[in-house]
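Structural features, examined
The primary structure of each chain is shown beneath.
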Amino acid sequence: MTETSSPTDARLATFEEKVANDQRIEPGDWMPDAFRKNVLRQMSQHAHSEVIGMQPEGNWITRAPSLYRKVVLLAKIQDEGGHGLYLYSAAETLGTSREEMVQALHEGKAKYASIFNYPSLTWADIGMIGWLVDGAAIVNQVSLQRTSYGPYSRAMVRICKEESFHQRQGYEATMKLAQGSAEQKAMAQDALDRWWWPSLMMFGPHDAESAHSGQSMKWKLKRESNDVLRQRFVDQTVPQAEFIGLKIPDPDLKWNEERGSYDFGEIDWDEFKRVIAGNGPCNRQRLQHHINARQEGQWVRDALRAYQRKRRTRDLPGDLPGNGGQR
Ligand code: BYC
């Protein structure tokens, strides 16, 4: 340390060295405030996406076409709720409570993925959410397994295992429709037409327009850019669509021999901006549903807190129900 350097310089140097050496930053480590804020922003947005993302699929639980499809859908939606919980817990290690994160969501200060503001109109949309939405999410999340914030990276490892199963079940459900009657195939094509472009928007703005990417890449919070991940998703999904005889709704889509990748058309960024500003087809409905569910569950949180208070003041036997009376 030089004579003029402060303790903060030394801690910053340690932080930067860890990032440079691909070591994870852990909750007890010193980190710049801007890093903490940025990780929290991304993780809380990610957690909210998992939970709000349960709504379009939840819309079809009672109308799933068979008991088998219903069981699979129920299990998948529960997984998404679980992903939200891992991510809220991981984000809480940054010093902000889940309560505060949810409050920010309800006040419109925190975002969630734009895709969940589109309606699920037919059963084919459920296949599309698994195939395309989980498919896009997993491309992004595989990359995030190597993010520099330890709890986020570890949450991603577990989430990716479940997401790959989700993607396959969505593709399989879509394949069944595509190989069914002409009406079923048309329903699958209609769903693909509606979900394709919003799925590409999930990766965020172009790199040149992305407000956070530059800094997030330097901190290795993001390991690959929005455009690189979007391209990977297109390259892996187009052959899957061809295999089941569905057509990607993009007249500009074509194989580029030189790049070894698909060229594709421009996203409607005005639509993207409208949706993330709160004016998509279902934004108000999604948020209101979450606010209502939170209010309806308030009595459970109150009861748990009352029980905990009681335990502190009177030495009640056992722990919370379901914990086998263990302390
Ligand atoms: N939607 O500087 P940028 C799932 C915002 S759920 C909304 O590039 P960043 C599933 C961005 O927040 C898993 N907002 O940002 C669940 C920023 O605004 P703020 C979903 C978006 O963070 C149920 C501004 O635009 N996956 O799998 O560097 C059923 C500028 O963007 C979006 C995740 O949540 C968007 N699509 O990069 C089925 C992934 N894109 O915050 C499936 C985690 C951008 O300054 N998140 N914005 O107000 C990420 O990886 C990154 O945050 C993003 C954006 C790549 C999305």
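Preceding this section is the structure that the text describes.
Note that this is a predicted model, so its numbers are computed, not measured. (Residues numbered from 1 in each chain as written. Predicted model: local features only at pLDDT ≥ 70, side-chain atom pairs only at ≥ 80, totals over all residues. Heavy atoms only, no water.)

Turning to the packing of aromatic side chains, a few remarks are in order. On inspection of all chains with the given rule, the structure shows eight aromatic pairs. Where Phe-15 meets Phe-35, the ring centres are 5.0 Å apart and the plane angle is 75°; that geometry is what we call edge-to-face. With Phe-15 in helix α1 (residues 7–20) and Phe-35 in helix α2 (residues 33–52), this residue pair connects regions lying 20 residues apart in the sequence. Judged on exposure class, the residue Phe-15 and its partner Phe-35 are both buried. With a centroid separation of 4.9 Å and 75° between ring planes, the pair formed by Trp-255 and Tyr-262 is classed as edge-to-face. Classification of Trp-255 as partly exposed rests on a relative accessible area of 41%. Owing to a relative accessible area of 12%, Tyr-262 belongs among the buried residues under this scheme. One aromatic cluster is present, formed by Phe-15, Phe-35 and Trp-219 through successive ring pairs. The cationic tip of Arg-63 hangs over the ring face of Trp-60; the distance from NZ or CZ to the ring centre is 4.0 Å. (Phe/Tyr/Trp six-rings, centres within 6.5 Å; stacked < 30°, edge-to-face > 60°. Helix = DSSP H or I, 4+ residues; strand = E, 2+ residues; numbered from the N terminus. Buried < 20%, exposed > 50% of the residue type's maximum accessible area, 1.4 Å probe, protein only. Lys NZ or Arg CZ within 6 Å of the ring centre and 35° of its normal.)

Once that is clear, we can look at unusual backbone geometry. Despite not being glycine, Asp-22 shows a phi value in the positive range, around 60°. Structurally, Asp-22 can be placed in the loop between α1 and α2. Residue classification places Asp-22 among the partly exposed positions, given a relative accessible area of 41%. Even without glycine at this site, Lys-220 takes up a positive phi of about 60°. Mapped onto the elements, Lys-220 comes out in the loop between α9 (213–218) and α10 (226–243).

The subject of this paragraph is empty space enclosed by the protein. Gaps left between atoms show up when a probe the size of a water molecule is rolled over them. Inspection of every chain in the model, using the stated rule, returns one cavity of 30 Å³ or more. Lining the largest cavity are Arg-69, Val-72, Leu-73, Lys-76, Trp-123, Ile-126, Gly-127, Gln-169 and Ala-173. For the lining of the largest cavity, the secondary structure elements donating two or more residues are α4 (67–92), α6 (123–144) and α7 (150–178). Grouping the constituent residues of the lining of the largest cavity by class yields five nonpolar, two polar and two charged. (1 Å grid on protein atoms, 1.4 Å probe; cavity = no way out; pocket = protein on both sides within 12 Å on 5 of 7 lines; lining within 4 Å. Points joined across faces, edges and corners; volume = space filled by probe spheres on them. Nonpolar A, V, L, I, M, F, W, Y, C, P; charged D, E, K, R; others polar.)

Now for the layout of surface pockets. Volume-wise, the second largest pocket comes out at about 460 Å³. It is helix α12 (residues 283–296) that contributes the most residues to the lining of the second largest pocket, six residues altogether. The residue makeup of the lining of the second largest pocket, split by class, is seven nonpolar, six polar and four charged.

Near the ligand, the surroundings consist of 36 residues, among which Gln-45, Lys-111, Ser-210, His-212 and Lys-222 are the closest. In the environment of the ligand, an oxygen atom lies 3.0 Å from a nitrogen or oxygen atom belonging to the side chain of Asn-140. A distance of 2.7 Å is found between an oxygen atom of the ligand and a side-chain nitrogen or oxygen belonging to Ser-210. Surface burial for the ligand is 92%, taken as the share of its 1000 Å² of free accessible area covered by protein chains. Contributing elements (two or more residues each) for the shell around the ligand: α2, α4, α6, α7 and α11 (269–279). Here the element with the most residues in the shell around the ligand is α6; it accounts for seven residues. Its residues assigned to classes, the shell around the ligand comprises 15 nonpolar, 12 polar and nine charged. (Near = heavy atom within 4 Å. Polar contact = N/O pair within 3.5 Å; in protein donor to acceptor, adjacent residues only side chain to side chain. Areas by Shrake-Rupley, 256 points an atom, 1.4 Å probe, with all protein chains shown as cover.)

With that settled, the discussion passes to the pattern of salt bridges. It is possible for side chains of opposite charge to pair when their charged atoms get near one another. Considering all chains together, one arrives at 17 salt bridges under this definition. Across the pair Lys-176 and Glu-172 runs a salt bridge, and its minimum N-O distance is 3.5 Å. Residue Lys-176 and its partner Glu-172 are located together in helix α7, separated by four residues, close to a single helical turn. The partner of Asp-190 in a salt bridge is Arg-194, and the shortest N-O contact between them spans 3.1 Å. Taken together, the residues Asp-190 and Arg-194, both in helix α8 (residues 182–201) and four residues apart, mark about one turn of the helix. Using a relative accessible area of 25% as the deciding quantity, one classes Arg-194 as partly exposed. (Salt bridge = Lys/Arg side-chain N within 4 Å of Asp/Glu carboxyl O.)

Side chains of Trp-299, Val-300 and Leu-304 sit close together on the surface and give an oily, nonpolar patch of about 320 Å² of accessible area. The residue Trp-299 is located in helix α13 (residues 298–313) in this model. Relative accessible area serves as the criterion here: at 61%, Trp-299 is assigned to the exposed category. (Patch = residues over 30% accessible without salt bridge, like charges linked within 9 Å, V, L, I, M, F, W, Y side chains within 5 Å.)

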